[in-house]
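Chain by chain, the residues run as shown.
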Amino acid sequence: MAEQIPQELIDRINQLSHKKKTVGLTEEEQVEQKSLRETYLALFRQNFRNNLEMVRVFNKAGKEVTPAKVRKIQKEKGLRND
């Protein structure tokens with residue numbers, strides 16, 4: 001399962017963003033901010049992908065219409081047995 005995005009990471013990103021808007025960042029802080037943002041985006045993308053891979057889609061008649069690509073991924077991960 002994907003990692004949850006740590007609140008400390010979000011808090012530090014927000015701190016640096018606020019500081020950048022008010023007094024500016026040092027070169028070290030700019031590097032840290034870039035690194036934190038990349039980490040955040042990687043975790044966000046992984047969580048989003050995992051959520052999408054868990055989705056099953058049904059039409060109004062109740063028939064499953066989950067895309068074949070998603071069904072294949074679900075089978076590979078052992079989430080389906082059909």
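### Details of the overall build of the protein chain
So, point 1. Each helix and strand counted, the protein chain has three helices and zero strands in total.
So, point 2. Along the chain direction, N to C, the helices and strands of the protein chain fall in the order α-α-α.
So, point 3. Relative to its length of 82 residues, the protein chain is extended, with a C-alpha radius of gyration of 19 Å against a globular reference of 12 Å.
So, point 4. By principal-axis analysis of the C-alpha atoms, the protein chain measures approximately 60 × 25 × 20 Å.

### Considering the pattern of salt bridges
So, point 1. Applying the stated rule across the entire model yields six salt bridges.
So, point 2. Two residues, K77 and E53, come together in a salt bridge whose shortest N-O distance is 2.4 Å. One end of the pair, K77, is in the segment after α3 (68–76); the other, E53, is in helix α2 (residues 27–53), and 24 residues separate them in sequence.
So, point 3. On the basis of relative accessibility, which here comes to 47%, the residue K77 falls in the partly exposed class.
So, point 4. The exposure class of E53 is buried, given its relative accessible area of 10%.

### Thoughts on the confidence of the model for the protein chain
So, point 1. Looking at the protein chain as a whole, the pLDDT averages 93, with 98% of positions reaching at least 70.
So, point 2. Here α3 is the element of the protein chain with the lowest mean pLDDT, 93, and helix α1 (residues 7–22) is the one with the highest, 97.

### Observations regarding the nonpolar core
So, point 1. One finds I5, L9, I13, L16, L25, L36 and L43 forming the largest nonpolar core, which totals seven residues.
So, point 2. Among the elements of the structure, α1 and α2 are those that each provide at least two residues to this core.
So, point 3. When residues in this core are grouped by element, the largest group, three residues, is from α1.

### Quick word on the packing of aromatic side chains
Any two aromatic rings considered together are summarised by their centre-to-centre distance and by the angle between their planes.
So, point 1. Taken as a whole, this structure holds two aromatic pairs when the rule is applied.
So, point 2. Relative to F44, the ring of Y40 lies with its centre 6.4 Å away and its plane at 20°, an arrangement referred to as stacked. You can see Y40 and its partner F44 sitting in helix α2, four residues apart, about one turn around the helix.
So, point 3. Here Y40 falls in the partly exposed class, since its relative accessible area comes to 28%.
So, point 4. Take F44: its relative accessible area is 40%, and that puts it in the partly exposed class.
So, point 5. Ring centres 6.1 Å apart and planes at 15° place the aromatic pair F44 and F48 in the stacked group.

Parameters at a glance
- For every chain, the first residue of the written sequence is number 1, and numbering continues from 1 onward in sequence order.
- Restriction of local features to residues with pLDDT of at least 70 applies here, the model being predicted, together with a cutoff of 80 or more for giving and counting side-chain atom pairs; totals for whole chains, interfaces and linings are based on all residues.
- The side-chain figures draw on all heavy atoms in the structure; neither hydrogens nor water molecules are used.
- Labels follow the DSSP assignment, with helices taken as runs of H or I lasting at least four residues and strands as runs of E lasting at least two, numbered in each case from the N terminus.
- Each radius of gyration reported is based on C-alpha atoms, and the globular scaling rule is 2.2 Å times the count of residues to the power 0.38.
- Any Lys or Arg side-chain nitrogen located within 4 Å of an Asp or Glu carboxyl oxygen qualifies as a salt bridge.
- For each residue, the accessible area found with a 1.4 Å probe, counting protein chains only, is set against the maximum for its type, and the residue is called buried under 20%, exposed over 50%, and partly exposed in between.
- Every residue is assigned a pLDDT by the predictor, reflecting its confidence on a scale from 0 to 100.
- Only buried residues count toward a nonpolar core, which is a set of Ala, Val, Leu, Ile, Met, Phe, Trp, Tyr and Cys residues joined through side-chain atoms within 4.5 Å.
- Pairing of aromatic rings covers Phe, Tyr and Trp, the last counted by its six-membered ring, and requires centre-to-centre distances within 6.5 Å; plane angles under 30 degrees mean stacked, over 60 mean edge-to-face, and any other angle means tilted.

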